[in-house]
Amino acid sequence: MQVKNFLPGQYVRDNQLPINHNYLQQQFADYEVILDKIKQVVWKGDFTLGEAVDQFEARYRQITHTKYAIGVGSGTDALFLSLKALGIKEGDEVITTPFTFYATIGAIVTAGARPVFVDILEDYNINPALIEAKITKRTKAILPVHWSGKPCHMEAINAIAKKHGLFVLEDACHAIQATYRGRSAGSLGDIAGFSFHPLKNLNVWGDGGIITTNSDALAEKLKLMRNHGLKGRDECVMFAYNSRLDTVQAVVALHLLEKLEHIIASRISHANTLDIELKTISQITVPQREADIKQVYHLYSIRCERRDKLKEHLIQHGVDAKVHYPVPMHCQPAAKSWGYQKGDFPVAEQVAASTLSLPVHEFITEQDIEKMVRLIQEFYQ
């Protein structure tokens with residue numbers, strides 16, 4: 001099928017490189033099928049918390065093996081509303097990682113709490129052995145981030161949380177269908193947030209998110225909180241927020257669910273091939289993979305000597321290499337008032353200074369992988 005140029009703005013092949021991180025034109029080449037489904041929403045006027053949202057939430061409960069899935073406006077909202085539902089407020093502390101996307105920290109701050117950072121392991125995930133030392137009387141929750149779709153070491157984290165009476169909120173925005181010792185991401189803590197932003201493994205035509213939990217009380221509260229606190233049209237039981245997953249976006253998400261198994265399998269296969277080839281290059285460090293953890297590779301990231309020069313070399317030869325992310329959160333200007341200094345979290349800083357992401361999505365070919373490996377080998381010769 002011929003790919004049509006229909007997605008406006010920054011997500012249309014933004015740099016036109018042959019091996020690109022951006023694959024949305026290919027993924028949504030069948031957009032006319034989705035538009036036909038959206039017509040049903042228009043004809044019914046079913047725009048707000050509509051039938052497709054109910055269907056998607058039901059499907060999501062199944063694939064995450066959770067009792068509840070509550071669709072919300074974005075992955076950021078999924079984290080923010082989860083924190084508010086847990087009772088996080090001004091003066092509280094939430095322990096998390098400094099190596100994450102800005103939204104993780106933004107959700108904590110806008111919920112009124114202060115992020116307390118803990119350094120990471122070589123696999124880019126929070127180091128459980130360092131958490132307990134950061135717990136104070138103000139600590140209310142631990143927020144582990146399943147970086148690039150690899151679940152954190154949740155048994156250790158949950159044991160610490162149980163010992164100290166803390167909540168565990170999974171930032172699973174990268175981690176749909178990831179598993180930890182046979183259990184699905186999203187079911188590993190008290191509550192979890194997922195994102196469907198473009199270029200996630202399951203994405204929609206804009207923003208979207210979902211919250212999973214097995215708690216009856218949290219689910220009931222969240223269903224109110226995402227919809228102004230309305231129990232019925234004329235009864236408001238709590239003044240809250242407007243963060244509903246759009247019915248139109250739920251239609252897109254349902255369509256992508258049909259492809260999700262292939263998307264995940266392709267990413268894992270491509271990552272495994274890259275692992276094998278890149279481990280032979282002494283200047284490259286491939287993160288540790290663990291047999292009892294299924295990683296789903298929202299990103300495929302490696303650590304590289306002379307990272308910036310390698311990135312430039314790859315881009316010059318048509319490979320859309322990217323850095324996620326060069327400045328850890330404790331070194332961001334927005335974090336200045338918290339008093340952190342460069343050097344406080346050495347592993348996170350070393351990873352941020354050396355990590356590089358390569359395209360790994362389902363439209364990458366064997367020839368693309370061979371080219372990426374060959375270019376990296378040539379660079380280090």
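Rules used throughout
Residues numbered from 1 in each chain as written. Predicted model: local features only at pLDDT ≥ 70, side-chain atom pairs only at ≥ 80, totals over all residues. Heavy atoms only, no water. Buried < 20%, exposed > 50% of the residue type's maximum accessible area, 1.4 Å probe, protein only. Helix = DSSP H or I, 4+ residues; strand = E, 2+ residues; numbered from the N terminus. Arc of directions from axis to C-beta. Contact = heavy atoms within 4.5 Å. Pairing = 2+ DSSP bridges. Axes fitted to C-alpha atoms, helices over the stretch in contact; angles between N-to-C directions. Domains from an automatic or database assignment. Buried area = accessible area lost by both parts, 1.4 Å probe. Salt bridge = Lys/Arg side-chain N within 4 Å of Asp/Glu carboxyl O. Polar contact = N/O pair within 3.5 Å; in protein donor to acceptor, adjacent residues only side chain to side chain. Nonpolar A, V, L, I, M, F, W, Y, C, P; charged D, E, K, R; others polar.

### What about helix α10 (residues 307-316)?
1) Next: Along α10, the positions that sit buried rather than exposed are Arg307, Leu310, His313 and Leu314. Projected down its long axis, α10 carries its buried residues within an arc of 125°, all on one side. Exposed residues lying more than 90 degrees from the buried face of α10 are Lys309 and Gln316.
2) Next: Turning to α10, the residues buried within the fold contact β12 (284-285), β14 (300-304), α11 (346-354), β15 (355-358) and α12 (366-380).
3) Next: Downstream of α10 by a residue or two, Gly318 has a phi angle that is positive, lying close to 90°.

### A short note on the sheet that holds β14
Within a sheet, each strand pairs with its neighbour through backbone hydrogen bonds, oriented either parallel or antiparallel.
1) Next: Across the sheet, which stays open at both edges, the three strands sit in the order β12-β14-β15 with antiparallel pairing between neighbours. Looking at which strands have only one partner, the edges of the open sheet turn out to be β12 and β15.
2) Next: Bridge analysis of β12 against β14 gives two bridges, and the strand direction is antiparallel. Within the sheet, the bridge partner assigned to Ile284 lies in β14 and is Cys304.
3) Next: Contacts from α10 reach β12, β14 and β15 within the one sheet, and its direction differs from that of β15 by about 20°.

### Considering the domain arrangement of the chain
1) Next: For the chain, the domain assignment lists domain 1 (3-26 + 259-380) and domain 2 (31-257).
2) Next: Just the C-alpha atoms count here: the centres of domain 1 and domain 2 sit 24 Å apart.
3) Next: Counting residues at the interface gives 42 residues for domain 1, matched by 48 residues for domain 2.
4) Next: Contact with domain 2 buries area across many residues of domain 1, yet His298, Met329 and Trp338 alone supply 18% of it, more than any other trio.
5) Next: Taken together, the links from domain 1 to domain 2 amount to three salt bridges.
6) Next: Residue Asp292 is joined to Arg181 by a salt bridge in which the shortest nitrogen-to-oxygen separation is 2.9 Å.
7) Next: One can count 25 residue pairs in polar contact (both at pLDDT 80 or more) joining domain 1 with domain 2.
8) Next: Among the secondary structure elements, those contributing two or more residues to the side of domain 1 that touches domain 2 are α9 (260-278), β13 (293-294), β14 and α11.
9) Next: Taken together, the residues of the side of domain 1 that touches domain 2 sort by class into 24 nonpolar, ten polar and eight charged.

### Comments concerning the pairing of β14
1) Next: Of all five residues that make up β14, five are buried, and the element is covered over most of its length.
2) Next: Alternating residues of β14 divide into Tyr300, Ile302 and Cys304 and Ser301 and Arg303, and every residue in both groups is buried.

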